[in-house]
Amino acid sequence: MGSLTEDPAFRATTFVVIDFETTTPTGYPAQPIEVAALALRCLDGVWRETGRSTSLIRPPAFAPVTPADTAQTGLTAEQLEAAPTPAEALGALDRRLTAGTPYLLVAQHAATEAGIIHHQAEHCPTLARTDFLDTIPLAKRLIPNLPNYKLDTLLAHFGIPQPPDRHRALADVEVTAKVFLRLISAADEDPRLGGLAALVKVAGRTAKHNLPVQSGLFDM
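Residues numbered from 1 in each chain as written. Predicted model: local features only at pLDDT ≥ 70, side-chain atom pairs only at ≥ 80, totals over all residues. Heavy atoms only, no water.

The name given to the protein in an unreviewed UniProt entry is DNA polymerase III, epsilon subunit, with the source organism recorded as Streptomyces sp. FR1.

S.K.: Lay out the overall build of the protein in plain terms, naming residues and giving numbers.
M.R.: For the protein, the helix and strand inventory stands at eleven helices and six strands. The C-alpha radius of gyration computed for the protein amounts to 18 Å, which stays within 12% of the reference 17 Å derived for 220 residues, consistent with globular compactness. Of all 220 residues assigned to the protein, the portion counted as buried reaches 48%. Taking the contacts inside the protein whose residues are at least 6 apart along the sequence as the reference set, 69% of them involve residues at least 24 apart. For the protein, the computed accessible surface area is about 11100 Å², with 54% contributed by carbon and sulfur atoms. Taking the average place of the 19 positive charges on the side chains of the protein and the average place of its 24 negative ones, the gap between the two points comes to 4 Å. (Helix = DSSP H or I, 4+ residues; strand = E, 2+ residues; numbered from the N terminus. Rg over C-alpha atoms; globule rule 2.2 N^0.38 Å. Buried < 20%, exposed > 50% of the residue type's maximum accessible area, 1.4 Å probe, protein only. Contact = heavy atoms within 4.5 Å. Areas by Shrake-Rupley, 256 points an atom, 1.4 Å probe, with all protein chains shown as cover. Lys, Arg positive; Asp, Glu negative; His and termini not counted. Charge placed at Lys NZ, Arg CZ, Asp CG, Glu CD.)

S.K.: Go over the sheet that holds strand S6 (residues 204–205), please, and point to the residues and values.
M.R.: Here six strands make up an open sheet; going across it, the order is S3-S2-S1-S4-S5-S6 and the pairing mixed. Each end of this open sheet is capped by a strand with a single partner; those strands are strand S3 (46–56) and S6. Bridge analysis of strand S5 (residues 132–134) against S6 gives two bridges, and the strand direction is antiparallel. Among the inter-strand pairings, Leu-133 is bridged to a residue of S6, identified as Gly-204. (Pairing = 2+ DSSP bridges.)

S.K.: Before we move on, could you go through the pairing of strand S2 (residues 31–43) and cite the residues and values that matter?
M.R.: Here S2 lies mainly inside the structure; twelve of its 13 residues are buried. In this structure, strand S1 (residues 14–23) lies alongside S2, joined through ten bridges in antiparallel fashion. The residue bridging Glu-21 from the neighbouring strand is Glu-34, located in S2. Note that S2 and S3 share ten bridges and pair antiparallel. Pairing of Leu-43 across the sheet is with Val-46, part of S3. Hairpin geometry of S2 and S3 is characterised by an intervening segment of two residues between the two adjacent antiparallel strands and by a positive phi of about 55° at Asp-44.

In structure tokens form, the structure reads like this:
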């Protein structure tokens, strides 16, 4: 193992790979219709899964599942009619973040997941204050000159088979986790990434709820 995975701060952290499927209603932010999360911890240099969660989510009336959504995910309006509400599904996930260890969320193009969580913060306040690692800038640092850094491109680069249910939340979380572990393995050999702080500097994204509030120009 290299210096990154020997860093006490790295080993103390639980990394939660997360993915949403959404609808994208006009005039509103994306609304989640499925969420999956997979928790990983590097204990004594060995990666272990410490938990996983997945749930369908019933979208609000203003964000119905469209034929395009069904074509992308395979999910239909009928499947989601009896699904948990965002408050139920995200609240249940939020309550699982209680291990007493620091957490970092991990996502491919983390801005997407971060935005969804930010807009659902009332249902998942702990998630909303959990910072991210983004696999894209980390991959750009470690694997320069790829044609792009989409998930499918990274899967092909690492020889990771695409799951048959690609674009379902759990399948995407599982392959994103595999990409993340490959990237961490490469980072472990990079002297520029000698600890968690260096990793966060390269690939970290601060949760919007952790950003300082900027006062308005005309506040008195």
